Amino acid sequence: MTKVAVIGFGFMGMTHTSNILKNDKLELIAIVDKDLDGIEKKLQSGSGNFSTGDIDPKIISRIHKYPNLDECLKNEHIDSVHVC
């Protein structure tokens, strides 16, 4: 299983997150976004002009979140990142 982090949780970050969660060969282990408090709000309101699909907030609540990539890399073993 490839361990993935998503960097940036705007429209494209949510789109990539949704697709990662649907792929049984990928494991989302971290989200990096400077606005950690805004992640949950973005899930409720969406971001951008188009729907990114449904992302279960319960799943996202279990994912580690970091304000910057350095902190993420200190704590996680990541195989791949999606820069969004």
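Higher on the page you've got the structure.
Residues numbered from 1 in each chain as written. Predicted model: local features only at pLDDT ≥ 70, side-chain atom pairs only at ≥ 80, totals over all residues. Heavy atoms only, no water.

When its secondary structure is counted, the protein shows four helices and four strands. Starting at the N terminus and walking to the C terminus, you meet the elements of the protein as β-α-β-α-α-β-α-β. Put simply, the protein has 84 residues, and 32% of those count as buried. A sequence separation of at least 24 residues applies to 75% of the contacts in the protein between residues at least 6 apart. As presented, the protein carries roughly 5300 Å² of accessible surface, and 49% of it is formed by carbon and sulfur atoms. (Helix = DSSP H or I, 4+ residues; strand = E, 2+ residues; numbered from the N terminus. Buried < 20%, exposed > 50% of the residue type's maximum accessible area, 1.4 Å probe, protein only. Contact = heavy atoms within 4.5 Å. Areas by Shrake-Rupley, 256 points an atom, 1.4 Å probe, with all protein chains shown as cover.)

Formed by Val4, Val6, Phe9, Met14, Ile20, Leu28, Ile31, Ile39, Leu43, Ile55, Ile60 and Ile63, the largest nonpolar core amounts to twelve residues. When contributions to this core are tallied by element, the ones reaching two or more residues are strand S1 (2–7), helix H1 (11–22), strand S2 (26–32) and helix H2 (38–45). With near-sequence residues (within four places) excluded, Ile20 lies in contact with Val4, Val6, Leu26, Glu27, Leu28 and His82. Ile7, Ile29, Val32 and Tyr66 belong to the second-largest nonpolar core, a separate cluster that totals seven residues. (Core = buried A, V, L, I, M, F, W, Y, C linked by side-chain atoms within 4.5 Å.)

This next bit is on the pattern of salt bridges. Here the structure, examined in full by the defined rule, presents one salt bridge. For Glu71, the salt bridge identified is with Lys74, shortest N-O distance 3.6 Å. Remark: Lys74 and Glu71 occur in helix H4 (residues 69–75); sequence separation between them is three residues, near one turn of the helix. Owing to a relative accessible area of 30%, Glu71 belongs among the partly exposed residues under this scheme. On the basis of relative accessibility, which here comes to 64%, the residue Lys74 falls in the exposed class. (Salt bridge = Lys/Arg side-chain N within 4 Å of Asp/Glu carboxyl O.)

For the rest of this paragraph, the subject is a nonpolar patch on the surface. On the surface, Leu69, Leu73, Val81 and Val83 cluster together into a nonpolar patch covering about 350 Å² of accessible area. For Val83, the position within the fold is in strand S4 (residues 80–83). (Patch = residues over 30% accessible without salt bridge, like charges linked within 9 Å, V, L, I, M, F, W, Y side chains within 5 Å.)

In this section: the pairing of S2. Among the seven residues of S2, five are classified as buried, and the element is accordingly described as predominantly covered. For S1 and S2, the ladder comprises six bridges, and the chain directions are parallel. Within S2, the residue paired with Val6 across the bridge is Ile31. Of the crossover connections in this fold, the one passing from S1 over H1 to the parallel S2 is right-handed. Alignment of S2 against strand S3 (residues 64–66), held across three bridges, turns out to be parallel. Of the residues in S3, the one forming a bridge with Ile31 is Lys65. (Pairing = 2+ DSSP bridges. Right-handed = clockwise from strand over helix to strand, strands pointing away.)

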